[in-house]
Amino acid sequence: MARWGIVGTGGISARLLADLRATPGSAVTAVWGRDELRTREFAAAHGIETSTIDRAALLAREDVDIVYIATPAHTHRAIAIEALEAGKHVLVEKPMATSARDVEDIFDAAARADRFAMEAMWMRFNPLHVDIRGRIESGEIGAPTGVRASFGTPFFPRPRVQRPEQGGSSLLDRGIYAVTLGHWFLGEPSSVHAQATFVDGVDVRGHATLEHERGFTQIAWSSMEFLDLSAAVAGEHGWISIDPMFWAGSSAKVHAGSMERIFQAPGAVGHPRVGNGYGPMLRSVEDALSAGMRQHPAHDAPATIAVARTLDLILGAAARPTP
């Protein structure tokens, strides 16, 4: 039985909790929040016995094995390291931190404490994406040469995304999924070209091209307007298109094989989402803990840090004036 402590009482914690309760071998024992009344109400709404505004008290509890951290991104590094040093495993909401250096610091602290640490990149464990990766690795569309993905929506505003003092960034909040796709299929890029619109120091929209050794990734992100919410991976013999919303996808089309399947009747791939979609990730984390792992091989430190490096490069390139 993995006993969870929840750090953060926002909407994403509520959605993950619904799936966590449906995950065999898990229990939620305590929740921490900054506001006492809101934290008590959150605990009551989700059937959590203990609520507290004393984070050290939660981290000292013997009935907490692993902590899910879903606070604003600029706090992830400090809270994750605090939890690890208290002897807890951590699952940190994406982005794991606001820079590659901070992500490295979290994994370094996990190694020192001999505890498990992972970024909550639920897309990596989505059955549709697992299927797509398997098809591409088997050569179904030939060697991949291009990735295209965008994530832009103007609704469900999250103030933290727009606040520079809270590490606000539409790229880190939304574009991270597109960058992750590029890394999966083409590896870490050798160069980055990017442009973005900044408001009070926060990128609110942008686009970038990532140059890889054997291809390129084109991405766009925005918290100001809608962008196409699909994605695609192209190869030498065809392509796979992932239907909206690509990061939480349940369907895709494989354009490969005969001319008919490429152009007129692509093969359908479907994996209906169960619950809110976090279940496969949560089960994978608990399996890793049961096996005594300190990183999950499907989303380990090198992969997480590499994406964080690319995010740093994109923001750096976008912030420079165009010649």
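What counts, and where the lines are drawn
- Residues numbered from 1 in each chain as written.
- Predicted model: local features only at pLDDT ≥ 70, side-chain atom pairs only at ≥ 80, totals over all residues.
- Heavy atoms only, no water.
- Helix = DSSP H or I, 4+ residues; strand = E, 2+ residues; numbered from the N terminus.
- Buried < 20%, exposed > 50% of the residue type's maximum accessible area, 1.4 Å probe, protein only.
- Core = buried A, V, L, I, M, F, W, Y, C linked by side-chain atoms within 4.5 Å.
- Contact = heavy atoms within 4.5 Å.
- Polar contact = N/O pair within 3.5 Å; in protein donor to acceptor, adjacent residues only side chain to side chain.
- Patch = residues over 30% accessible without salt bridge, like charges linked within 9 Å, V, L, I, M, F, W, Y side chains within 5 Å.
- Areas by Shrake-Rupley, 256 points an atom, 1.4 Å probe, with all protein chains shown as cover.
- Salt bridge = Lys/Arg side-chain N within 4 Å of Asp/Glu carboxyl O.
- Pairing = 2+ DSSP bridges.
- Axes fitted to C-alpha atoms, helices over the stretch in contact; angles between N-to-C directions.
- Phe/Tyr/Trp six-rings, centres within 6.5 Å; stacked < 30°, edge-to-face > 60°.
- Lys NZ or Arg CZ within 6 Å of the ring centre and 35° of its normal.
- 1 Å grid on protein atoms, 1.4 Å probe; cavity = no way out; pocket = protein on both sides within 12 Å on 5 of 7 lines; lining within 4 Å.
- Points joined across faces, edges and corners; volume = space filled by probe spheres on them.

Right, let's talk about unusual backbone geometry for a bit. For the bond from K94 to P95, the omega torsion is -10°, close enough to zero to count as cis. Structurally, the position occupied by P95 is in the loop between β5 (89-93) and α5 (100-113). A cis amide bond, omega -10°, links P244 with the succeeding residue M245. Take M245: it is sitting in the loop between β12 (238-242) and β13 (251-256). One non-glycine residue, D114, lies in the positive phi region at around 55°. Within the secondary structure layout, D114 lies in the loop between α5 and β6 (117-120). The exposure class of D114 is partly exposed, given its relative accessible area of 44%.

Our next topic: the nonpolar core. W4, F246, M281 and I314 are the most contacted members of the largest nonpolar core, which totals 69 residues. If we skip the residues at most four places from it in the chain, M281 touches L16, L91, M118, A120, M121, W122 and F125.

Further remarks concern the environment of A265. Residue position: A265 is located in the loop between α9 (259-263) and β14 (267-270). For A265 and R3, which are 262 residues apart along the polypeptide, the C-alpha to C-alpha distance reads 47 Å.

As a further point, take the environment of P302. Structurally, the position occupied by P302 is in helix α11 (residues 301-319). The exposure class of P302 is exposed, given its relative accessible area of 55%. Measuring from C-alpha to C-alpha, the distance between P302 and A318 comes to 24 Å, with 16 residues separating the pair along the chain.

Let us now look at the side chain of S150. The topology assignment puts S150 in strand β7 (residues 144-152). With a relative accessible area of 8%, S150 lands in the buried category. A polar contact is formed between the side chain of S150 and the backbone oxygen of D228, at a distance of 2.3 Å. Apart from the residues within four sequence positions on either side, S150 is in contact with A220, L227, D228, L229, S230 and F246.

Below, the discussion takes up a nonpolar patch on the surface. A grouping of W239, M259 and F263 is seen on the molecular surface, where their side chains present a nonpolar patch of about 350 Å² in accessible area. In this fold, F263 is placed in helix α9. Judged by relative accessible area, F263 falls into the exposed class, the value being 59%.

Our next topic: the pattern of salt bridges. Side-chain pairing between opposite charges can occur once the charged atoms of the two side chains come close. For the coordinates displayed, the defined rule picks out 18 salt bridges. Residue E140 is joined to R135 by a salt bridge in which the shortest nitrogen-to-oxygen separation is 3.2 Å. Residue E140 is classed as partly exposed on the basis of its relative accessible area of 31%. It is possible to trace a salt-bridge network through shared partners that takes in R77, R101, D102, E104, D105 and D108.

Below, the discussion takes up the sheet that holds strand β3 (residues 50-52). Strand pairing in a sheet relies on backbone hydrogen bonds. The paired strands run either parallel or antiparallel. Taken in spatial order, the 6 strands make up an open sheet running β3-β2-β1-β4-β5-β6, and their pairing is parallel. The sheet is open, and its two edges are formed by β3 and β6, each paired on a single side. Direction aside, the axes of adjacent strands within the sheet are offset by 25° on average. The pairing of strand β2 (residues 26-32) with β3 spans 3 bridges and is classified as parallel. By the bridge assignment, V31 is partnered in β3 with S51.

Attention now moves to the packing of aromatic side chains. This structure, assessed with the given rule, holds 6 aromatic pairs. On the basis of an interplanar angle of 10° and a centroid distance of 3.7 Å, the ring pair of F151 and W247 is categorised as stacked. Taken together, the positions of F151 in strand β7 and W247 in the loop between β12 and β13 put the pair 96 residues apart, joining distant regions of the chain. The residues F151 and W247 share a single accessibility class, namely buried. One aromatic cluster in this structure is built from F151, Y177, F246 and W247. The cationic tip of R55 hangs over the ring face of W32; the distance from NZ or CZ to the ring centre is 4.9 Å. Taking the ring centre of W184 as reference, the NZ or CZ of R124 above it sits at 5.6 Å.

The calculated volume of the second largest pocket comes to roughly 220 Å³. Surrounding the second largest pocket, 16 residues form its lining, V274, G277, G279, P280 and R283 being those nearest its centre. The greatest single-element share of the lining of the second largest pocket, amounting to 3 residues, is contributed by helix α10 (residues 279-290).

Read from one edge to the other, the open sheet built from 8 strands follows the order β8-β9-β10-β7-β11-β12-β13-β14, with strand pairing classed as mixed. Each edge of the open sheet is held by one strand with a lone partner, namely β8 (191-199) and β14. With direction set aside, neighbouring strand axes in the sheet form an average angle of 10°. Two elements, strand β11 (residues 231-235) and β12, share 5 bridges in a ladder whose sense is antiparallel. Bridging across to β12, A234 finds its partner in W239. Against the sheet, helix α6 (residues 127-137) contacts β7, β11, β12, β13 and β14, and its axis sits at roughly 175° relative to β12. Sheet strands in contact with helix α8 (residues 170-186) are β7, β9 (202-212), β10 (215-222) and β11, and its direction is about 165° off that of β10.

Shape descriptors only; they carry no functional weight alone.
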